[in-house]
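# Per-entry structural report
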Amino acid sequence: MRYTIYNLKKKGKNSFFFLLIVILVATIILSTSMFNLWGEKVSKFIMGNSEKQLNIIEEKNQNFSDLSARFLIMQMGAYNSKEGAIQQCDTLKSVINSFVIEDDSKFKIFTGIYDEENFSEIEEKIVSNGIDAFKITYEITIDEESTYELIEIIKAHIQHLTNLTKSNVESIETEPFKNWIAMLPIVDENSKNYALLEEYKEYINELPSKLQIDKLEENYIYIYNILNKIGNKKIRV
């Protein structure tokens, strides 16, 4: 009887290397697929949340016809002296957030700045506390892209400042806000409010990483000055 002799040692090595190559190829294919899937989901998550929280602008070329925005403030007094205005403002702060601005040779006391959706609550609070005040409305016509982006940044800025005024909030993170601004489309340098827009973006980028309550007044004043430049001011006593 004849026997066939097999080189089991050699065959074992070949099998091992073949199995190793199969595992390696399978790992590369699986890793690539998972990376692409994961990356896509993360991208969608980030963009989705940015759109939901800050209404990110995706369409650069828009139809701006019949677009407008309104912002509202309550004025609670005007004084000849800064000291008198600050003293009254400090008293009002126990009831409602307020700040002092020098305007038309007077030192005026204002509440925060609000959009129409959130203004009624503030107005009711002022009335219920018997505070003498009147409403100021800024109406802005949005007829080109730089004004549109200015409005969107103002809305987001106000949202952050409103969150800062909530009880038990000592500070807010500004990095998400800065990252959102960096994602906004680049507008035409010849557009009407381009210079003001770039100045505003720079102001936001220079904010501290954590914005504290002691910076609230400064930020409201900055927004107020922008509204005075681009808005049509209407006073209702």
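These remarks concern the structure in this document. (Residues numbered from 1 in each chain as written. Predicted model: local features only at pLDDT ≥ 70, side-chain atom pairs only at ≥ 80, totals over all residues. Heavy atoms only, no water.)

## Here we look at the overall build of the chain
On a plain count of helices and strands, the chain comes out with 7 helices and 8 strands. Looking at the chain as a whole, 36% of its 237 residues qualify as buried. Of the contacts formed within the chain by residues at least 6 apart in sequence, a portion of 78% connects residues at least 24 apart. On the chain, roughly 15,400 Å² of surface is accessible, and the fraction owed to carbon and sulfur atoms is 53%. (Helix = DSSP H or I, 4+ residues; strand = E, 2+ residues; numbered from the N terminus. Buried < 20%, exposed > 50% of the residue type's maximum accessible area, 1.4 Å probe, protein only. Contact = heavy atoms within 4.5 Å. Areas by Shrake-Rupley, 256 points an atom, 1.4 Å probe, with all protein chains shown as cover.)

## Focus: the pattern of salt bridges
Within this structure, the stated rule accounts for 14 salt bridges. Among the salt bridges present, the one from lysine 178 reaches glutamate 175, with a minimum N-O distance of 3.6 Å. Highlighted residues: lysine 178 and glutamate 175, both in helix H5 (residues 175-182), separated by 3 residues, approximately one helical turn. Look at glutamate 175 and you get partly exposed, because its relative accessible area is 35%. Residue lysine 201 is joined to glutamate 198 by a salt bridge in which the shortest nitrogen-to-oxygen separation is 3.8 Å. With a gap of 3 residues between them, lysine 201 and glutamate 198 both fall in helix H6 (residues 194-205), about one helical turn apart. Counted as one network, the salt bridges with shared partners bring together Arg70, Glu116, Glu139 and Lys234. (Salt bridge = Lys/Arg side-chain N within 4 Å of Asp/Glu carboxyl O.)

## Quick look at the pairing of strand E3 (residues 106-111)
Extensive coverage of E3 is indicated by the burial of 5 of its 6 residues. In terms of strand pairing, strand E1 (residues 67-79) meets E3 through 3 bridges, oriented antiparallel. Looking across to E3, one finds that tyrosine 79 is bridged to phenylalanine 107. Alignment of strand E2 (residues 98-103) against E3, held across 6 bridges, turns out to be antiparallel. From the neighbouring strand, valine 100 faces E3, where its bridge partner is isoleucine 109. Between the end of E2 and the start of E3, which pair antiparallel, lie 2 residues, with aspartate 104 showing a positive phi angle near 55°. (Pairing = 2+ DSSP bridges.)

## Overview of the packing of helix H4 (residues 145-164) against helix H7 (residues 216-230)
Interhelical geometry of H4 versus H7 gives an angle of 155° and a closest axis separation of 11 Å. When the axis of H4 is compared with that of H7, the two are roughly antiparallel. Considering how the two elements wind past one another, H4 and H7 form a crossing that is left-handed. In contact with Leu150, Ile151, Ile154, His157, Ile158, Leu161, Thr162 and Leu164 of H4, H7 contributes Leu216, Asn219, Tyr220, Ile223, Ile226, Leu227 and Ile230. Its residues assigned to classes, the contact of H4 with H7 comprises 12 nonpolar, 3 polar and no charged. (Axes fitted to C-alpha atoms, helices over the stretch in contact; angles between N-to-C directions. Parallel < 35°, antiparallel > 145°, perpendicular 65-115°, else oblique. Left-handed = near helix turned anticlockwise from the far one by under 90°. Nonpolar A, V, L, I, M, F, W, Y, C, P; charged D, E, K, R; others polar.)

## Section: the environment of leucine 197
Within the secondary structure, leucine 197 sits in helix H6. Considering only alpha carbons, one finds leucine 197 and tyrosine 148, 49 residues apart in sequence, at a separation of 9.8 Å. Excluding its chain neighbours within four sequence positions, the residues that come into contact with leucine 197 are Ser146, Glu149, Leu150, Ile153 and Val187.

## Some details on the nonpolar core
Counting residues in hydrophobic clusters, the biggest one holds 42 residues, and the most contacted among them are Phe71, Ile113, Ile154 and Tyr200. In terms of residue count, H4 provides more of this core than any other element does, 9 residues in total. Apart from the residues within four sequence positions on either side, phenylalanine 71 is in contact with Ile113, Tyr114, Asp115, Ile136, Thr137, Tyr138, Ile140, Ile151, Ile154, Lys155, Ile158 and Leu227. Listed in part, the 15 residues of the second largest apolar core include Met74, Ala85, Ile96 and Tyr114. (Core = buried A, V, L, I, M, F, W, Y, C linked by side-chain atoms within 4.5 Å.)

## Here we look at helix H2 (residues 82-92)
Of the positions making up H2, those classed as buried are Ala85, Cys89 and Leu92. What you see down the axis of H2 is that its buried residues fit within an arc of 60°, all on one side. Those residues of H2 that are exposed and aimed more than 90 degrees away from the buried face are Glu83 and Gln87. Turning to H2, the residues buried within the fold contact E1, E2 and E3. (Arc of directions from axis to C-beta.)

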